[in-house]
Amino acid sequence: MELRTLRYFVAVAEELHFGRAATRLHMSQPPLSRAIRQLEADVGAQLFARSPTGITLTAVGSVLLDEARSLLDHADRVRVRVSAAAGAATLTIGILGDGTDPGTARLAAAYRRSRPGVDIHVRDADLTDPTCGLRAGLVDVALTRAPFDETALTVRALRSDPVGVVLRADDPLARRDGLRLAELEDRRWFQFPPGTDPVWQSYWNGGRPREGPVVRAVQECLQAVLWNGTVGLAPLGHDLPAELAVVPLIDMPPSRVVAVCNEGDTNPLIRSFLENATNAYRR
């Protein structure tokens, strides 16, 4: 059994829902379902009892859940001890699909200068997780956008960007110099999958419930505009295809670029990252 597959199994066993587990793991549901079916074939028994009302753990699944948790905890301890013995210093950074931001490039250069011996791992996150895997323990620190649920997190504001609405270039509203949210009431808006942070979802829906297609990535958003005329919000200043236009929203609060870590984290590499981020984005 691969550790990755066991992590998938634990997520499904704890959520008792393939969709929620897929959201938690930041993956689509079909490959997750295939992985669980393959695990059941390897074990030679059903791990979940499936019914129209949902799924539950079988007796075999309950045993495997206890063992899988123990194995994964042990694997994490092994990784930490081996890294410490090797004298390795690593930092995993989650980035919310904004790697071309000049502030990110300045931060990378500044951090390399201040911590030249640190091995940096970068995890690109999609739009379904504003903390880029921080809450799930997948990253040490996140470079992302607010607002989101900040419970038990330390959030350092770096910059504020005005926000606009993305439209097809041939949309009559695309010729306007500015728009108000009320002028978009009759449009379909992007939605994020169930289980996405509600504060994050509400912000990108202009503060009220909307209807529209479910998306996970920036490219999915852009394609929904091109093909279906869906509207969505985006920070100003980003390059768009010629077929699209972005119009500033007059009454929309700005989007904050932030650096985030777990509250009370005393790792000096993370503290250094926050300090460098503050300086890099100040320019």
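Residues numbered from 1 in each chain as written. Predicted model: local features only at pLDDT ≥ 70, side-chain atom pairs only at ≥ 80, totals over all residues. Heavy atoms only, no water.

To continue, consider the nonpolar core. If you look at the biggest cluster of nonpolar residues, it comprises 39 residues, and the most contacted ones within it are Val165, Leu167, Leu233 and Leu249. Looking at this core, the elements with two or more residues in it are strand S5 (141-146), strand S7 (163-168), helix H6 (198-204), helix H7 (218-228), strand S9 (244-248) and strand S10 (255-262). Beyond its immediate chain neighbours, meaning those up to four positions away, Leu167 contacts Leu173, Ala174, Leu179, Arg187, Val225, Val231, Glu243, Leu244, Ala245 and Val247. In this structure, Ala21, Ile36, Leu47 and Phe48 belong to the second largest nonpolar core, which totals 22 residues. (Core = buried A, V, L, I, M, F, W, Y, C linked by side-chain atoms within 4.5 Å. Buried < 20%, exposed > 50% of the residue type's maximum accessible area, 1.4 Å probe, protein only. Helix = DSSP H or I, 4+ residues; strand = E, 2+ residues; numbered from the N terminus. Contact = heavy atoms within 4.5 Å.)

Now for H7. Those residues of H7 lying buried are Cys221, Leu222, Ala224 and Val225. Buried residues of H7, seen end-on, are gathered within an arc of 155° and therefore sit on one face of the element. Of the exposed residues in H7, the ones pointing more than 90 degrees away from its buried face are Gln219, Trp227 and Asn228. Where H7 is buried, its residues meet S7 and S9. Just beyond H7, the residue with positive phi is Gly229, at close to 75°. (Arc of directions from axis to C-beta.)

All right, on to the sheet that holds S9 then. Read from one edge to the other, the open sheet built from three strands follows the order S8-S7-S9, with strand pairing classed as antiparallel. Two strands bound the open sheet, and with one partner strand each, they are strand S8 (232-235) and S9. Strand-to-strand twist of the sheet, defined as the mean angle between neighbouring strand axes without regard to direction, takes the value 45°. Both S7 and S9 contribute to a ladder of five bridges, which runs antiparallel. (Pairing = 2+ DSSP bridges. Axes fitted to C-alpha atoms, helices over the stretch in contact; angles between N-to-C directions.)

Aromatic rings in a pair are described by how distant their centres are and how their planes are angled relative to each other. Enumeration over the complete set of coordinates arrives at six aromatic pairs. Aromatic side chains Phe192 and Trp200 sit 6.3 Å apart centroid to centroid with 20° between the ring planes, which places their arrangement in the stacked category. Pairing Tyr203 with Trp204 gives two aromatic rings, centres 4.8 Å apart and planes at 90°, and the pair type is edge-to-face. Pair check on accessibility: Tyr203 and Trp204 agree, each one buried. Aromatic ring contacts, followed pair by pair, group Phe192, Trp200, Tyr203 and Trp204 into a single cluster. The side chain of Arg210 reaches across the aromatic face of Trp189, ending 3.9 Å from its centre. (Phe/Tyr/Trp six-rings, centres within 6.5 Å; stacked < 30°, edge-to-face > 60°. Lys NZ or Arg CZ within 6 Å of the ring centre and 35° of its normal.)

Evaluated as defined, the whole model comprises twelve salt bridges. Taking the shortest distance from any N to any O, the salt bridge between Arg4 and Glu2 comes out at 3.6 Å. The exposure class of Arg4 is exposed, given its relative accessible area of 52%. With a relative accessible area of 49%, Glu2 lands in the partly exposed category. Between Asp161 and Arg145 there is a salt bridge whose closest N-O contact spans 2.8 Å. Here the residue Asp161 occupies a position in strand S6 (residues 153-161), and Arg145 occupies one in strand S5, the gap between them amounting to 16 residues. (Salt bridge = Lys/Arg side-chain N within 4 Å of Asp/Glu carboxyl O.)

For the rest of this paragraph, the subject is the side chain of Thr131. Take Thr131: it is sitting in the loop between strand S4 (119-124) and S5. Excluding residues that lie within four positions of it along the chain, Thr131 makes contacts with Val139, Ala142, Phe148 and Leu153.

Here we take up the packing of helix H1 (residues 3-15) against helix H2 (residues 18-25). Close contact between H1 and H2 brings their axes to 8 Å; oriented N to C, the two are set at 130°. When the interaxial angle is binned, H1 and H2 end up oblique. H1 and H2 meet at a crossing whose hand is right-handed. Where H1 abuts H2, its residues Arg7, Tyr8, Ala11, Val12, Glu14 and Glu15 lie against Phe18, Arg20, Ala21, Arg24 and Leu25. Taken together, the residues of the contact of H1 with H2 break down into six nonpolar, no polar and five charged. (Parallel < 35°, antiparallel > 145°, perpendicular 65-115°, else oblique. Left-handed = near helix turned anticlockwise from the far one by under 90°. Nonpolar A, V, L, I, M, F, W, Y, C, P; charged D, E, K, R; others polar.)

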